[in-house]
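Chain and residue survey
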Amino acid sequence: MTMSRIGSLAVIAVTVAGCYNAKIETGLPHSDQKIEDHWADSWIAGLVPPSAVETAEKCPNGVAKVETKLSFLNQLVGVLTLGIYTPMYIEVTCAAEAPRRVEDVEPGIDVDDGASLEEKQAALQRAAELSATSGDAVWVVFE
């Protein structure tokens, strides 16, 4: 074989063997609920991305992870269409539970911004006692 043929085969092997992968983690706990799209339409080698995945109905607690990949078949279609049409595999993992917000958690203790050091210490002491008796977090908000 000539060197140009060997070089061409090496480039093709490396291109086909590599898989594009991008992952975004939100920090929320993962659930078993997943939304998958094996052939999300992408154009011009990914420059025109696929349309947004609608998650509001299927993930009421939000999204924990979004992952995009180019599988071997996705890449093969991209090569056959000269990169004009490049489908992607998209997997969305729903969150297990809704994030807790300060205003959703009871009880809470509000402390005025102009409170004295003793008043702030007393509020922290009350919060510690409430937390110990209830077993839940108690928010102290300095306003």
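This text goes with the structure placed above it.
The rules we used
Residues numbered from 1 in each chain as written. Predicted model: local features only at pLDDT ≥ 70, side-chain atom pairs only at ≥ 80, totals over all residues. Heavy atoms only, no water. Core = buried A, V, L, I, M, F, W, Y, C linked by side-chain atoms within 4.5 Å. Buried < 20%, exposed > 50% of the residue type's maximum accessible area, 1.4 Å probe, protein only. Helix = DSSP H or I, 4+ residues; strand = E, 2+ residues; numbered from the N terminus. Contact = heavy atoms within 4.5 Å. Patch = residues over 30% accessible without salt bridge, like charges linked within 9 Å, V, L, I, M, F, W, Y side chains within 5 Å. Areas by Shrake-Rupley, 256 points an atom, 1.4 Å probe, with all protein chains shown as cover. Salt bridge = Lys/Arg side-chain N within 4 Å of Asp/Glu carboxyl O. Lys, Arg positive; Asp, Glu negative; His and termini not counted. Charge placed at Lys NZ, Arg CZ, Asp CG, Glu CD. Arc of directions from axis to C-beta.

**Brief notes about the nonpolar core**
Counting 7 residues, the largest nonpolar core is built from I35, A40, C59, V63, I90, V92 and C94. Of all the secondary structure elements, the ones that give two or more residues to this core are β2 (30-40) and β4 (88-95). When residues of this core are assigned to their parent elements, the largest contribution, 3 residues, is made by β4. With residues up to four places along the chain from it excluded, the contact list for C94 reads P29, H30, S31, Q33, K58, C59, G62, V63 and A64. Counting residues in hydrophobic clusters, the runner-up holds 6 residues, among them I109, V111, A115 and A123.

**Considering a negative patch on the surface**
On the surface, a cluster of negative charge is contributed by D110, D112, D113, E118, E119 and E143. Within the secondary structure, D110 sits in strand β5 (residues 108-111). Take D110: its relative accessible area is 56%, and that puts it in the exposed class.

**Looking at helix α2 (residues 72-80)**
For α2, the complete set of buried residues consists of N74, Q75 and G78. Projection of α2 onto a plane perpendicular to its axis shows the buried side chains occupying an angular sector of 95°, all on one side. Residues of α2 that are exposed and point over 90 degrees away from its buried face: V79 and L80. Positive backbone phi, approximately 60°, marks L82, located one or two places after α2.

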